[in-house]
Amino acid sequence: LMAGLGLGGAEILFVNRMQVDPPDSGLANHCIVLNNVLHPQLYARLKQTGMAASLFNKLPGDGNPAYLARLLDYLKRQGIRLVHTHDEGALHWALAAKALRPGLKVVHTVHNTGLAPAWNPLRKALYGRLLDYAVAISDAVAQECHAAGLRKVRAIYNGIPVAAFGVPARVHRVPSAGAPLR
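To start, this report covers the structure provided alongside it. Sequence positions are assigned chain by chain, starting from 1 and proceeding in written order. Given that this is a predicted model, residues contribute local features only at a pLDDT of at least 70 and side-chain atom pairs are listed and counted only at 80 or more, while totals for whole chains, interfaces and linings are drawn from all residues. Calculation of side-chain values draws on the structure's entire complement of heavy atoms; hydrogens and water are dropped beforehand.

### Here's the deal with the sheet that holds strand β6 (residues 153-155)
- The criterion for strand pairing is that DSSP finds at least two bridges linking the strands in question. Numbering of helices and strands runs from the N terminus, with a helix taken as a DSSP run of H or I at least four residues long and a strand as a DSSP run of E at least two residues long. Pairing within the open sheet is parallel, and its 4 strands lie in the order β3-β4-β5-β6. Both outer strands of the open sheet, β3 (82-85) and β6, are each paired with one neighbouring strand and no more. Along the sheet, successive strands turn relative to each other by an average axial angle of 20°, direction set aside.
- As judged from the 3 bridges shared by strand β5 (residues 133-136) and β6, these two strands associate in the parallel manner. Each residue of the ladder has a partner; that of Ala134, found in β6, is Val153.
- Contact definition: two residues touch when any of their heavy atoms are within 4.5 Å. Between the N-to-C directions of two axes lies an angle of 0 to 180 degrees, each axis being a line fitted to C-alpha atoms and, for a helix, fitted only over the stretch in contact. Lying over the sheet, helix α4 (residues 88-100) contacts β3 and β4 (105-110), oriented at roughly 165° with respect to β4.

Right under this line is the structure:
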């Protein structure tokens, strides 16, 4: 379940993953895009994988309960028992669905440091109580999730060689006498 299928990092990684490992594991995978934020080429690439995709075409910020009814109906018709989200907008809709369908499991991936500490007390309480599992993209994110009150958190390797982005050691060169400074 995702808020939109724009050109964000999580969306591109999701589609790339589906292209590398198409959904042929025997499990029925579905992609539900809530908002009318849709990059046509990315959507075309997703459709080429064979994954079932449903577009709700909701306006961003529209909290009409009819969308929740549509989501619940889709989950029931497709026999979906687990929802995975990558953004808080989609997470809120998934948790609302779970509140009305208690057997539904919700897993959420937290992609950045600073997100969990910024949650207000109500969000911390709701996420801590209703979220079945949190996937953190690093140990630092996992620590923040635990500190925010999430019970089940697992850090996973995100596939990005972060050491390549480290600050290089500075090289100090002392110019020889008479050499121009550059």
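### A word on a positive patch on the surface
- In this analysis, a patch consists of residues with relative accessible area above 30% that form no salt bridge, clustered at 9 Å for like charges and at 5 Å for the nonpolar side chains Val, Leu, Ile, Met, Phe, Trp and Tyr. Each accessible area value is a Shrake-Rupley result obtained with a 1.4 Å probe; residue values ignore everything except the protein chains displayed when judging cover. The working definition used for a salt bridge is a side-chain nitrogen of Lys or Arg within 4 Å of a carboxyl oxygen of Asp or Glu. By the counting rule applied here, Lys and Arg register as positive and Asp and Glu as negative, while His and the ends of each chain are not counted. The atom standing in for a charge is NZ when the residue is Lys, CZ when it is Arg, CG when it is Asp and CD when it is Glu. A contiguous patch of positive charge, built from Lys105, Arg129, Arg151 and Lys152, is present on the exposed surface.
- Within the secondary structure, Lys105 is located in strand β4.
- Accessibility here uses a 1.4 Å probe with only protein chains present; expressed as a share of the type maximum, an area under 20% marks a residue as buried, one over 50% as exposed, and anything in between as partly exposed. Given a relative accessible area of 42%, Lys105 falls into the partly exposed group.

Worth remembering: the numbers are spatial, not functional.
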